[in-house]
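Structural features, examined
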Amino acid sequence: MDFSLSEEQLMIRDAARDFAQTELLPGVIERDEKQEFPKDQVKKMGELGFMGMMIDPKYGGSGLDTVSYVLAMEEISKIDASASVVMSVNNSLVCYGLQAFGSEDQKQKYLTKLASGQALGAFCLSEPEAGSDATSQKTTAIDKGDHYILNGTKNWITNGGSADYYLVIAQTHPEKKHKGINAFIIEKGWEGFEIGPKENKLGIRGSDTHSLQFNDVKVPKENRIGEDGFGFKFAMKTLSGGRIGIASQALGIASGAYELALEYSKQRKSFGTEICNHQAIAFKLADMATHIEAARHLCLKAAWEKDNKKNYDLSSAMAKLYASQVAMDVTVEAVQIHGGNGFVKEYHVERMMRDAKITQIYEGTSEIQKIVISRGILNK
Ligand code: CAA
């Protein structure tokens with residue numbers, strides 16, 4: 001088995017690392033504090049090809065593999081998880097969903113802009129009463145011949161205020177349950193589409209999370225993705241890939257916090273020596289490094305399966321479940337190793353601990369991942 005990365009993959013990783021250090025690190029604490037969306041940084045990510053990494057160059061993407069995406073997501077998440085969730089949603093939920101299931105016209109009109117970073121996308125599935133229970137969509141899209149009329153509310157939408165295009169999941173035929181659901185492309189500014197206030201969050205505070213309201217929004221039929229009734233499968237298939245992105249985000253938050261704790265432990269002295277020389281700290285570092293490496297392998301395995309056209313539903317759920325737990329555990333330990341300084345914003349690890357929590361919640365909670373995994377291993 002060959003674990004080595006190609007020259008190209010290493011180059012992408014290094015480019016993402018450089019970008020994160022030079023463009024994301026300055027101001028990351030202030031953006032978190034002020035809940036400021038990293039607008040200029042996201043624009044540069046688009047120019048560098050990080051917003052449509054796995055998309056065919058003929059649609060404005062970078063034409064890279066999922067392994068490269070995992071490597072870039074880890075590096076960017078090490079420094080700024082608010083920026084990396086913007087990247088993850090645009091890449092895996094919006095661009096990849098459109099590339100895999102959109103019509104040629106939809107690709108030409110929307111994907112080319114989204115993948116090249118000229119436009120930003122959002123994925124709108126969650127509702128006040130349908131987060132985990134995704135089949136219970138209350139948003140309706142009523143068929144009116146050449147268009148649909150969309151009504152309802154979506155909640156906790158990443159890129160909710162900043163996006164240009166929104167993939168919205170809605171119920172068309174309630175009697176058919178999940179088989180009656182459709183997915184649509186909605187443009188910002190369409191009549192009846194309102195963006196609610198920005199959420200004041202525990203973590204990933206630089207990212208832009210809103211509720212959305214649709215009041216009799218007229219959606220042309222050509223903006224439906226796939227056949228009538230394909231919307232739930234579209235959401236599930238897209239989320240399987242999205243989970244690789246969020247698992248890589250969790251991995252990056254963990255490895256970023258670990259690297260800071262490791263460096264700190266080599267400099268901070270107590271009882272006459274650097275604290276890394278105390279076994280209490282050295283053992284923590286050993287555990288953190290081991291769990292991070294295991295999470296990295298799960299992320300890369302899921303990415304490899306996706307690149308090799310295998311079913312990655314199980315591996316992406318496992319990667320997300322495990323990496324998000326590692327992100328939580330490692331960031332708590334990183335704060336502990338920093339002692340009092342860990343509680344102070346300028347040392348970054350308290351932000352990482354806050355950011356880690358969402359990786360156990362969005363794109364399916366840890367409990368949802370366990371449903372997917374247990375059904376997978378029991379062949380249900
Ligand atoms: N690929 C293709 N089809 C799939 C699938 C997949 N990965 N998973 C399920 N399906 C299909 C099933 O085969 C079934 O179809 P058939 O009836 O034709 O056989 C259909 O979908 C319904 O499946 P289930 O009976 O398994 O559905 P369920 O109601 O039991 O729910 C679930 C399954 C896994 C719990 C699902 O509801 C789920 O994943 N929930 C979590 C949703 C989620 O991740 N929400 C987060 C919002 S997005 C977000 O956070 C984005 C952001 O902003 C960061």
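Our subject in this report is the structure included herewith. (Residues numbered from 1 in each chain as written. Predicted model: local features only at pLDDT ≥ 70, side-chain atom pairs only at ≥ 80, totals over all residues. Heavy atoms only, no water.)

Notes on unusual backbone geometry
Selection rule: Type-normalised accessible area, obtained with a 1.4 Å probe on protein chains alone, sets the label of each residue: buried when under 20%, exposed when over 50%, and partly exposed for intermediate values. Where helices and strands are cited, they refer to DSSP runs of H or I of at least four residues and of E of at least two residues respectively, numbered from the N terminus.
Phi is positive for K177, which is not a glycine, with a value near 50°. Classification of K177 by relative accessible area gives exposed; the value is 59%. At H348, a position not held by glycine, the phi torsion is positive, near 70°. Note that H348 resides in the loop between helix 9 (313–338) and helix 10 (349–358).

Points about the pattern of salt bridges
This is how the line gets drawn: When a carboxyl oxygen of Asp or Glu is within 4 Å of a side-chain nitrogen of Lys or Arg, the pair counts as a salt bridge.
Counted by the stated rule, this structure contains 19 salt bridges. In this structure, the salt-bridge partner of E333 is K284, at a minimum N-O distance of 3.2 Å. Residue E333 is located in helix 9, and its partner K284 is located in helix 8 (residues 279–307); the two are separated by 49 residues in the primary sequence. Looking at E333, the relative accessible area reads 25%, which means it is partly exposed. One salt-bridge network, held together by shared partners, links R17, E75, K78 and E259.

Quick notes on the environment of T158
Worth spelling out the cut-off: The contact rule is simple, with two residues in contact once any of their heavy atoms fall within 4.5 Å.
Mapped onto the fold, T158 is located in strand 3 (residues 147–158). Setting aside anything within four residues of it in sequence, one finds T158 in contact with V85, V89, A122 and D208.

Digging into the site of the ligand
The test is simple: In these notes, residues near a molecule or strand are those with any non-hydrogen atom within 4 Å of it. A 3.5 Å cut-off defines polar contacts: any pair of N or O atoms within that distance qualifies, except that in protein one atom must be a possible hydrogen donor and the other a possible acceptor, and neighbouring residues in sequence count only when both atoms are side-chain atoms. Computed with a 1.4 Å probe, the accessible areas rest on the Shrake-Rupley method; for each residue, only the protein chains presented here act as cover.
Taken together, 25 residues sit near the ligand, with S132, T158, H178, E363 and R375 positioned nearest. Contacts to the ligand include S132, whose backbone N or O atom sits 2.8 Å from a nitrogen atom. K179 is positioned with one of its side-chain polar atoms (N or O) 3.0 Å from an oxygen atom of the ligand. In isolation the ligand has 1100 Å² of accessible area, and contact with the protein removes 76% of it.

Remarks on the packing of aromatic side chains
Operational definition: Two rings from Phe, Tyr or Trp (for Trp, the six-membered ring) form a pair when their centres are within 6.5 Å of each other. A pair whose planes differ by under 30 degrees is stacked, one over 60 is edge-to-face, and the rest are tilted. To sit over a ring, a charge needs its Lys NZ or Arg CZ within 6 Å of the ring centre and within 35 degrees of the ring normal.
Applying the stated criterion across every chain, the model contains eight aromatic pairs. Taken together, a centroid distance of 4.7 Å and an interplanar angle of 80° make the contact between Y110 and Y165 edge-to-face. Of the two residues, Y110 is situated in helix 6 (residues 104–115) and Y165 in strand 4 (residues 165–171); the sequence distance between them amounts to 55 residues. Just as Y110 is buried, Y165 falls in that class too. Put simply, the rings of F101, F230 and F234 touch in pairs and so form one group of aromatic residues. In this structure, K221 is placed above the aromatic ring of Y148, and the distance from its NZ or CZ to the ring centre is 5.3 Å. The ring of Y96 carries K306 above its face, with NZ or CZ at 3.6 Å from the centroid.

With respect to the environment of A72
Residue position: A72 is located in helix 4 (residues 66–79). Beyond its immediate stretch of four places on either side in the chain, A72 contacts I12, A16, F50, M53 and M87.

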